[in-house]
Amino acid sequence: MAQYQSAKEILNKIRQVNTLDLSWNGRFQQQLITAVWQLYFGSEKKGLALIAKLVAVENLYSPTVDHNLLAIIKVRKRLAKQYRKANAVD
């Protein structure tokens, strides 16, 4: 499961970054990476909960500030579900 190892290394690097050193955008990216990792390899429930929080913040603004964030979430949710099914993650 080479994908898991690579993804775990990225997650570990992200977790080592001091959030006080990040901009608002950097914090969002850190949380998005964590959520996507959860969707693929960890707790799908935790990943979806974190995504719900990110989307809730995004929904505070109209029009939407970051269309890329919403597109990434949409695609990754679908692909993670396929990955979990194909690799019997759960």
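Residues numbered from 1 in each chain as written. Predicted model: local features only at pLDDT ≥ 70, side-chain atom pairs only at ≥ 80, totals over all residues. Heavy atoms only, no water.

### A short note on the packing of aromatic side chains
- Scanning all chains against the criterion turns up seven aromatic pairs.
- Taking the centre distance of 6.1 Å and the plane angle of 50 degrees together, the rings of Y4 and W37 count as tilted. In this pair, Y4 is assigned in helix α1 (residues 2-16) and W37 in helix α2 (residues 24-40), connecting sequence segments 33 residues apart.
- In this structure Y4 comes out as partly exposed when scored by relative accessible area, which is 27%.
- Centre to centre, the rings of W24 and F28 are 5.4 Å apart; their planes meet at 45 degrees, and the pair counts as tilted. Here W24 pairs with F28, and both are found in helix α2, just four residues apart, close to one helical turn.
- Judged by its relative accessible area of 60%, W24 is exposed.
- By the ring-pair criterion, three or more aromatic residues cluster together here, those being Y4, W37, Y40, F41 and Y83. (Phe/Tyr/Trp six-rings, centres within 6.5 Å; stacked < 30°, edge-to-face > 60°. Helix = DSSP H or I, 4+ residues; strand = E, 2+ residues; numbered from the N terminus. Buried < 20%, exposed > 50% of the residue type's maximum accessible area, 1.4 Å probe, protein only.)

### Let's talk about the packing of α1 against α2
- Packing of α1 against α2 leaves a shortest axis separation of 10 Å and a crossing angle of 150 degrees. The pairing of α1 with α2 is recorded here as roughly antiparallel in orientation. By crossing handedness, the relation of α1 to α2 is classed as left-handed. Counted together, Y4, A7, K8, I10, L11, I14 and R15 of α1 and Q30, I33, T34, W37 and Q38 of α2 form the full contact between these two elements. (Axes fitted to C-alpha atoms, helices over the stretch in contact; angles between N-to-C directions. Parallel < 35°, antiparallel > 145°, perpendicular 65-115°, else oblique. Left-handed = near helix turned anticlockwise from the far one by under 90°. Contact = heavy atoms within 4.5 Å.)

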